[in-house]
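Architecture at a glance
One-letter residues, chain by chain:
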Amino acid sequence: MRSLLFRSLIDGSAVVAPPQPGSAAVAELAQTLGQQARACLGRSLAIREVDAGSCNGCELEIHAINNPVYDVERFGLKFVASPRHADVLLVTGPVTWNMRQALERTYAATPSPKWVVALGDCAANCGVFAGSYACAGAVKDIIPVDLHIGGCPPPPIEILKGLLALVAEMKK
Amino acid sequence: MKRPVPLAAAALTAKLKAGPDGFIRLRIDERDWIGLAMGCAEGLQDLLALWVDDDAAHMGLGVPALKLRIIVSVPLKHGSFPSVAKNHAAAIRLERALRDLRGVDPKGLPDQRNWIDHGKWPSPPPSMKKGAERPDTSYAFLAAEGEGLHQIAVGPVHAGIIEPGHFRFTANGEAVVRLEERLGYAHKGIEALCRGADIATAARIVARISGDSTVAYSYAFALAVEAALKWRPPPRAILLRGIMAELERLSHHVNDVGAICNDASVVVLHAHCTLVREDILRTSNQCFGHRMMMDCIVPGGVATDLSGEGADVIESLLMRCGAGFEAVVRVYDEAPSLQDRTVSTGVVSAELAKRFGAGGHVGRASGRAFDTRKNFPYAPYEELDFTMALHEEGDVDARVWVRIEEVRSSMALIRQMLKLLVPGPLMSAMPKARAGEGAAMVESFRGDVFAALRLDDTARVANFHARDPSCFQWPLLEAAIEGNIVADFPLCNKSFNCSYSGHDM
Ligand code: SF4
């Protein structure tokens with residue numbers, strides 16, 4: 001154990017260079033973020049992830065942005081265990097009817113000001129699950145959305161770009 | 001009807017030949033149907049899946065020792081068929097789901113509560129039998145009574161980055177007296193979406209049943225379609241499928257070992273494992289164009305080729321991965337504080353694993369020597385050589401070791417396949433559309449995925465059913481946690497790593 005810990009200290013860093021905030025994300029946020037919303041939270045955001053019915057592919061890539069390569073915490077972004085601690089809800093999946101109420105309640109439990117990021121194609125438009133009797137709709141059909149990050153699933157670097165755009169816009 | 005007696009599938013099928021997919025198909029009467037269910041309960045055969053198509057209920061059964069797989073069908077009578085669950089508990093949730101989704105009545109089903117239908121759908125599933133009654137969706141959790149018991153309700157939104165599901169713990173102080181799961185939150189109506197879809201559309205939907213097993217599901221779907229249409233994929237595609245499937249297994253096993261250590265508070269091992277995993281995903285992306293290789297396996301072959309350099313890229317990935325992962329294994333093996341958490345925690349008895357036909361690391365850590373790649377091998381595994389990981393203890397530690405050994409065998413399998421790879425086409429032309437049936441089983445990292453498909457004469461999907469390995473693992477988690485402390489639940493849960501989306505469909 002000790003040698004592994006030691007090696008971890010001297011092996012050098014695995015981290016990727018910070019990407020530029022995604023330009024599409026910046027454009028979308030310019031539309032959605034109100035003036036009041038920008039009343040700064042500093043550079044730090046607490047994120048609560050909500051799986052509203054995803055296939056779990058999106059979750060895997062959200063996990064990946066927490067790995068030492070993407071290391072999302074270096075940007076002041078931290079995943080928290082309760083919506084009551086959160087500034088941002090990161091929602092995946094087509095919202096299933098069976099998850100709709102839980103999503104609405106999670107949104108209600110999140111203190112304002114709050115932002116919602118819809119992650120993945122399913123969250124944006126139900127993806128391949130569109131038209132199912134079991135899907136209530138895209139995330140924006142259920143709660144207000146500030147930012148979409150597309151992809152099936154979005155690769156971690158794209159998730160980072162989107163979230164960095166959110167932090168950057170908030171600083172303005 | 002004469003009193004049913006326990007029946008071995010082998011006794012019914014002595015003279016019958018299996019179809020191109022390796023399954024014997026047989027229509028039987030209700031007495032034999034019940035007899036086979038009783039036979040499952042006695043361990044004469046494993047229940048593989050249970051579904052409804054057209055006017056019949058179908059049951060997939062397996063006898064690994066005889067390499068025998070059979071699909072038996074019994075006609076529905078006024079929308080009902082004799083409950084399998086009445087004799088064989090592993091079928092309870094399958095039948096509850098069938099009631100919700102198909103409106104059929106498994107006569108004698110011991111648990112009449114709904115399962116997938118939470119009473120939220122504005123319209124009934126299109127697969128519901130006309131005029132069928134929708135189940136009562138008020139839901140009563142099982143009662144647990146006794147002095148000092150309290151309940152803890154968790155979910156469907158969990159504290160971590162996890163899929164949605166509800167857990168109801170009844171605890172006595174720290175010790176869990178009962179866990180009851182409530183699932184179905186991620187139900188997306190996948191079987192109904194597939195019905196009527198063309199093959200390509202259905203393939204994309206099936207690839208998203210459970211994102212972490214996307215390769216395995218695409219693989220199973222492709223095999224089922226190919227069996228139905230008598231379609232033969234080219235040799236190169238077969239090997240590339242195997243390579244992708246093993247890369248997928250590798251990425252999850254490595255990650256799970258790390259995540260289990262993380263839940264035992266050894267964060268540094270988790271960090272190391274996520275680095276190895278990231279390396280695998282990047283390599284997959286570089287070689288096949290998608291980090292999780294989604295939609296890379298398609299009926300008829302594969303959608304992306306591996307370049308000449310690609311083979312070298314994978315070789316060097318295996319070198320790095322091997323070194324990185326073995327460093328983690330050494331620490332795991334030598335850290336008593338870690339094993340203090342995992343050894344004898346969350347035990348699943350061999351008896352239970354066998355009765356529920358639990359696949360994957362859950363079964364193989366509890367002495368159930370079943371791996372689809374060995375017991376019901378499909379191309380390319382017939383020509384590959386590996387040893388099945390098998391442990392007896394049934395605890396978290398045993399599930400970790402099964403994964404560790406499978407990481408090693410996956411790497412060896414990939415090397416074998418890279419050696420066998422010959423140049424050639426990636427797809428073969430689709431045969432003329434015809435009606436047909438096909439079933440398949442594929443070993444995902446989590447266990448055996450089952451898929452059964454019926455195509456109509458225009459080669460559109462007339463019916464599709466998939467059964468995730470989690471369906472027979474979730475119930476065992478309830479048993480594994482009993483008597484453990486509440487704080488060890490994350491550890492037990494992670495050591496199972498069941499799919500919610502795959503179960504809910
Ligand atoms: S966007 Fe893709 S990966 Fe994400 S939940 Fe939907 S199907 Fe799964």
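I will try to describe carefully the structure that is included in this document. (Residues numbered from 1 in each chain as written. Chains lettered and ligands numbered in written order. Predicted model: local features only at pLDDT ≥ 70, side-chain atom pairs only at ≥ 80, totals over all residues. Heavy atoms only, no water.)

As a further point, take the packing of aromatic side chains. Residue and element names in this part refer to chain B. For the structure on display, the rule yields 15 aromatic pairs over all chains. Pairing Phe-23 with Phe-450 gives two aromatic rings, centres 5.9 Å apart and planes at 85°, and the pair type is edge-to-face. Residue Phe-23 is found in strand S1 (residues 23-27), and its partner Phe-450 is found in strand S13 (residues 447-455); the two are separated by 427 residues along the sequence. By the burial criterion, Phe-23 is buried, and Phe-450 matches it. Between Trp-474 and Tyr-500 the ring centres are 4.8 Å apart and the planes differ by 70°, which places this aromatic pair in the edge-to-face class. On the criterion of sequence distance, the pair formed by Trp-474 in helix H15 (residues 474-481) and Tyr-500 in helix H17 (residues 500-504) is long-range, its members being 26 residues apart. For the pair formed by Trp-474 and Tyr-500, the shared burial category is buried. Here the aromatic residues Phe-167, Phe-169, Trp-474, Phe-489 and Tyr-500 are joined through ring pairs into a cluster of three or more. Directly above the ring of Tyr-139 sits Arg-182, whose terminal nitrogen or CZ lies 3.6 Å from the centroid. Geometry around Phe-386 places Lys-374 over its ring, the cationic atom sitting 4.4 Å from the centre. (Phe/Tyr/Trp six-rings, centres within 6.5 Å; stacked < 30°, edge-to-face > 60°. Helix = DSSP H or I, 4+ residues; strand = E, 2+ residues; numbered from the N terminus. Buried < 20%, exposed > 50% of the residue type's maximum accessible area, 1.4 Å probe, protein only. Lys NZ or Arg CZ within 6 Å of the ring centre and 35° of its normal.)

Okay, the sheet that holds strand S7 (residues 149-154) of chain B next. Remark on secondary structure: sheet strands pair via backbone hydrogen bonds, oriented parallel or antiparallel. All names here are of chain B. Strands sit in the order S7-S8-S9 across an open sheet of three strands; the sheet is antiparallel. Because the sheet does not close on itself, it has two edges, and the strands there are S7 and strand S9 (175-182). The mean inter-strand angle of the sheet, taken between neighbouring strand axes irrespective of direction, is 20°. (Pairing = 2+ DSSP bridges. Axes fitted to C-alpha atoms, helices over the stretch in contact; angles between N-to-C directions.)

With that settled, the discussion passes to the nonpolar core. B:Trp33, B:Ile243, B:Phe288, B:Ile314 and B:Phe464 are the most contacted members of the largest nonpolar core, which totals 156 residues. In contact with B:Phe288, not counting residues within four places along its chain, are B:Leu240, B:Ile243, B:Met244, B:Leu247, B:Met293, B:Cys296, B:Thr304, B:Asp305, B:Leu306 and B:Ile314. A:Phe79, A:Leu90, A:Leu119 and A:Leu163 belong to the second largest nonpolar core, which has 30 residues in total. (Core = buried A, V, L, I, M, F, W, Y, C linked by side-chain atoms within 4.5 Å. Contact = heavy atoms within 4.5 Å.)

Take the interface of chain A and chain B next. Contacts between the two partners involve 50 residues from chain A and, on the opposite side, 55 residues from chain B. Between chain A and chain B the total buried area reaches about 4,000 Å² when both faces are included, carbon and sulfur atoms providing 66% of it. Summed over the shared surface of chain A and chain B, the result is one salt bridge. A:Glu61 serves as the salt-bridge partner of B:Arg291, at 2.5 Å between the closest nitrogen and oxygen. For the interface between chain A and chain B, the tally reads 23 residue pairs in polar contact (both at pLDDT 80 or more). Residue contributions to the side of chain A that touches chain B peak at seven residues, all from helix H4 (residues 57-65) of chain A. Considering only residue class, the side of chain A that touches chain B consists of 30 nonpolar, 14 polar and six charged. (Buried area = accessible area lost by both parts, 1.4 Å probe. Salt bridge = Lys/Arg side-chain N within 4 Å of Asp/Glu carboxyl O. Polar contact = N/O pair within 3.5 Å; in protein donor to acceptor, adjacent residues only side chain to side chain. Nonpolar A, V, L, I, M, F, W, Y, C, P; charged D, E, K, R; others polar.)

Our next topic: the environment of B:Ile238. Residues and elements named next belong to chain B. Relative to the assigned elements, Ile-238 resides in helix H7 (residues 235-263). With relative accessibility at 18%, the residue Ile-238 sits in the buried group. Distance from Ile-238 to Gly-301, taken between C-alpha atoms, is 7.1 Å for residues 63 residues apart in sequence. Sequence-distant contacts of Ile-238, defined by excluding residues within four places in its chain, comprise Tyr-219, Pro-233, Ala-379 and Pro-380.

So, on to the sheet that holds strand S12 (residues 436-444) of chain B. All names here are of chain B. Pairing is antiparallel across the open sheet formed by three strands, whose spatial order is S12-S13-S14. Among the strands making up the open sheet, the edge pair consists of S12 and strand S14 (461-467). Sheet twist, expressed as the average angle between the axes of neighbouring strands with direction ignored, equals 15°. As judged from the nine bridges shared by S12 and S13, these two strands associate in the antiparallel manner. The residue bridging Met-441 from the neighbouring strand is Phe-450, located in S13.

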